[in-house]
Amino acid sequence: GLYTQYVQTHYESIKSMKGGLKEFKNVKTASVKLGANNAMSLIYTHKAQTGLEIRAIAYFIVKNNKGYVITCSSSTKDFSKNLTMFEEVAKTFKLK
């Protein structure tokens, strides 16, 4: 369906960030629920221009033929302690 098509398209575009993000690595993908919305999450790492390793989570949501992406990131060393906050923030995203 549209949701699967959207997720696949945007997952591929995130993977293509490899060229734009230094040392991009896909860490984990999962199906998640954000409120009443089905979503897909992608956790990935890359190196900032300063050399700092960044870990990010991107949530992909589709509703009414529109796609939305929520991205949260931090240093890799702080990601685990920030993940709960990132998840809470993403769950507040409401679509009408």
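These lines cover the structure that appears in this document, whether it is placed above or below. (Residues numbered from 1 in each chain as written. Predicted model: local features only at pLDDT ≥ 70, side-chain atom pairs only at ≥ 80, totals over all residues. Heavy atoms only, no water.)

Take the side chain of N37 next. Here N37 is to be found in strand β2 (residues 37-47). A relative accessible area of 9% means that N37 is categorised as buried. With residues up to four places along the chain from it excluded, the contact list for N37 reads V32, I61, K63, F93 and L95. (Helix = DSSP H or I, 4+ residues; strand = E, 2+ residues; numbered from the N terminus. Buried < 20%, exposed > 50% of the residue type's maximum accessible area, 1.4 Å probe, protein only. Contact = heavy atoms within 4.5 Å.)

What follows is about the nonpolar core. In terms of nonpolar packing, the biggest core is built from 12 residues, these being L34, A39, I43, I57, Y59, I61, I70, C72, F79, F86, A90 and L95. Breaking this core down by element, the ones donating at least two residues are β2, β3 (53-63), β4 (66-75) and α2 (76-91). Not counting chain neighbours up to four residues away, the residues in contact with C72 comprise R55, A56, I57 and F86. The next biggest cluster of nonpolar side chains, apart from the first, holds 6 residues, and it includes Y44, A56, A58 and F60. (Core = buried A, V, L, I, M, F, W, Y, C linked by side-chain atoms within 4.5 Å.)

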